[in-house]
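# What the coordinates show
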Amino acid sequence: MNAGARSTAAAVAIAGPVVVATLMIVAFSGLELLGRTPFAVGPFRNVAEAAGLGAASDVLRMLGNGEDPNRVMPVRGEIISSSVKQATALEAAIWSRRLELLELLDRRGAIVDMQSRRHLACLASDLSALDIAEYLSRHTSPDCVRGHELDLVLQRTRLLEP
Amino acid sequence: MGYFLWDVPVQVSDSYGNIVTASQGTLGSLIASEFHQRAYLRPFLWGLIRVVLDLSRGHYFEWLRGWHIAQIAVLIVLFLRLVRPSTWSGAAAVPIGLAALIGMHTFAGTVREAFPINTFMTILICAFAAADLALGPPSWIRDLAAALIFVFAALTVESGLLIGVVFIAAYLVGARGVSRAGLALQVALIAGYFVLRFAILHVGSPGLEERPSGFGFSSLSPDELVARFGPHPLPFYAYNVASSWFSVLLSEPRGGTWGLTRDLLRGEPSLPAVIGATASALGSFVIATYAWRRRREWRARRFDRDDQLVLVFMAIAAANAVLSYGYTKDVILSPAGAFFAIALAVASRHFLESIASMPTRRAVAATVMIGVLSTAWAFRAIGAHLGVRTAAVALRGEWAYVDLWLERKSQVPTDPFAVALKDRLQDEAVRRHPLRPMLGSRWSGWVPE
C-alpha cells in the first residue's frame, strides 16, 4: 500500500464514522419534519396511549382538546402489553406506574365517582402499584377481590380477538 | 442540534423562578442587587437574562430557544476559526473535533438545560473568542476586547475566570494577539475580581453543605461531607481537582463518582459508558502522541499555532480542574471539554499526516485505531442529540406537573405576572410546542447520552 492510499484510508477512517452519524441525524430530522419519526413509539393516537407511556404533557394537551379519560380506547400492544389493547386513560396511567399522573388526572376531576375510584384502586392493587393503590384508597377502603379488576380490563382485549 | 434544541421547552426548575425574578425592577437595579448576594457573584447572568426577556416581548420560547441555537452556531463558527482546516487532512479531522465538541459529556449540560439562558454555553463562546483574539495578530483593540470579555465572563458565572487563563496561557506559548500590556490588564482584572468578591463585597464561596457530591464509587450527602471533611476539607478539594482532570481526559469519573470503574469491578459495565471512556481515552492518547512528538520544539520554546492550541487546552484542563475544587460537575468542566475537542482536531490531523510515513503494519494498526476513535465519538455525538430529546420529554413532564411541584415546594405564585407567566409557559410547553414522538428505549439504550 503506497503513502497516498494509506492517507486516503486513514482520512476515511477518521472522518467516515462521524460523517455517517451526522447524515443519520440529518435524515432522522428530515423524516420527522415530514411526519415520520424513525424508531418512535408515537405519536399517540389518543389520551389512553399517552397515559400508558406516562407522557403527562400529551395527556394534558389531549384533555384540553376534549378527550375523555374515562372512555375505553384502543391502545397499541407496544404501549402497555399485547394483552391490554383496550383501556381508559386512567387505567393506562396505572400501568405506567406514575403516581403523579394519576394525581394530575384526579385533580382535573377525571375520577368521577367512588365506583371508578374503587375500580382503579383495586386495579392498582392487582398490578402491585402500591403507591397508586394507597393514594386512591385514602378516603375509602375498597373491598377488592384479588385479580377481578385486572381481569375486567384484560377481558376487553380478549373479546376483540377471534 | 438546532432542530433538537427547538424541541426543548423553557424549564420549570431554574428557569420559571429566574424569569419572574429577572423581570422585576429595572435592568440596573437587577444587576446592582446581584453584587450583594452570598456565595455567588453573577450579576451579568441576570443582566443577560433580562435583556433577552425584554427583547422577547413575551415570546419566551422563540427567543430563549432561538438564543440557545444561535449560541451553538456561534460556537461552531469559532471552533472552525480556531482549527482552521486548510488541507485535506485538516478537513478530515474537523468532523471528529466537532463530534467531540458536541458529544463530550461536559457539553451535555450546555444544551439540555437553561436558566433560562445557558450561561455555561455563554462562557464557552467567550473562551473560544478569547483564544481567537489571543492567537490573532497584535492590536490594541484586541487588548480592549480581551478585557471586556474577561469582565463579562467573570461576572456571569465563576467559570468565566478561565477566560483569563486562556489569555495568559496563550501568551506564555508565544501568542501575541493580546500584548504584554493587555496581559498585565488581564492579571490586574483577575486580582481585582478576587479583591471585589472576597474583600469588598464579602460574597464568599459555596460551602460543603451546599449540595451532594460524588466521592469514590458513590455520592455523599451534604451532611456526610461535613461529617467527613468539615474541619479538614483539603483532601476533598484535592480529590475534586484530580477527579475533574481525569474526567476531562477519560470521561471517568463523572461528577466525582467512578461509576464505570465500579461497574467494571462488579463485572457489569454499561456499553454506553465503555464507549464514552474509549472515545475519551483514545482521544487523549492522540493528543499525548502529538505532545510527545513535539516535545523538542516545546522545550526549545518554538510553538506554532497548533502547539498553542494544544497547550492552551492543557492549561485550561488544569485550571478548570482547580476551579472545580469545591464541587465537581460535568458542565462546570465544559470549557476544558470544548478545548479538548480543539486539541483533538489538531492532534488528529497530525496523526493522520504521520500515517503516510509509517511502516505498513503500523499504518494499518493506526488506521484501525483512529477508526475506532471516530466511531466511538460518532456514537457520543448521536447520544448528545438523543440526550436533548430525552431532556425535552422530561422538561415537558415538569410543566404537566407544575402545579403539584410548586405546591410541594410551597412556591405557589400569587403575583398576577407570575401566574400569567406560568400559564403561558405551560401552554407553550404542552400545547403550542407539543411532545415530539417518543423514541423506543431499545433503540436508545446502547448510545451514550
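As the structure is a computational prediction, the values presented were derived from the model and not from experiment.

This brings us to the confidence of the model for chain B. For chain B, per-residue confidence averages 91 on the pLDDT scale, and 98% of positions sit at 70 or higher. For this predicted complex, the interface confidence reaches an ipTM of 0.85, while the overall pTM sits at 0.90.

This part takes up unusual backbone geometry. Residue and element names in this part refer to chain B. Going from phenylalanine 115 to proline 116, the amide bond is cis rather than trans, its omega being 0 degrees. Structurally, proline 116 is set in the loop between α7 (105-111) and α8 (119-134). Look at the link from glutamate 252 to proline 253: it is a cis peptide, with omega at 5 degrees. Examined against the element boundaries, proline 253 turns out to sit in the loop between α13 (234-250) and α14 (259-266).

Turning our eyes to something else, we now look at the packing of helix α3 (residues 56-64) of chain A against helix α19 (residues 360-400) of chain B. How two helices pack is summed up by the angle between their axes together with the distance between the axes. α19 of chain B packs onto α3 of chain A with a crossing angle of 50 degrees between their chain directions and a minimal axis gap of 7 Å. One element, α3 of chain A, and the other, α19 of chain B, form an angle in the oblique class. Across from Ala56, Ser57, Val59 and Leu60 of chain A in α3 of chain A, the residues of α19 of chain B making contact are Arg396, Gly397, Trp399 and Ala400 of chain B.

Once that is clear, we can look at helix α11 (residues 180-200) of chain B. Residues and elements named next belong to chain B. With 21 residues, α11 extends 28 Å from end C-alpha to end C-alpha; this agrees with the ideal 30 Å at 1.5 Å per step. Among the residues of α11, Gly182, Leu183 and Gln186 are the ones counted as buried. Viewed along the axis of α11, the buried residues span an arc of 110 degrees, placing them on a single side of the element. Turned more than 90 degrees away from the buried face of α11, the exposed residues are Arg180, Ala181, Ala184, Val187, Ala188, Ala191, Val195, Ala199 and Ile200. If you follow the buried residues of α11, they end up packed against α9 (140-154) and α10 (162-172). Downstream of α11 by a residue or two, histidine 202 has a phi angle that is positive, lying close to 55 degrees.

The rules behind the values
Residues numbered from 1 in each chain as written. Chains lettered and ligands numbered in written order. Predicted model: local features only at pLDDT ≥ 70, side-chain atom pairs only at ≥ 80, totals over all residues. pLDDT = per-residue confidence, 0-100. Helix = DSSP H or I, 4+ residues; strand = E, 2+ residues; numbered from the N terminus. Axes fitted to C-alpha atoms, helices over the stretch in contact; angles between N-to-C directions. Parallel < 35°, antiparallel > 145°, perpendicular 65-115°, else oblique. Contact = placed C-beta atoms within 7 Å. Expected span 1.5 Å × (residues − 1). Buried ≥ 20, exposed ≤ 12 C-beta atoms within 10 Å, placed from the backbone. Arc of directions from axis to C-beta.

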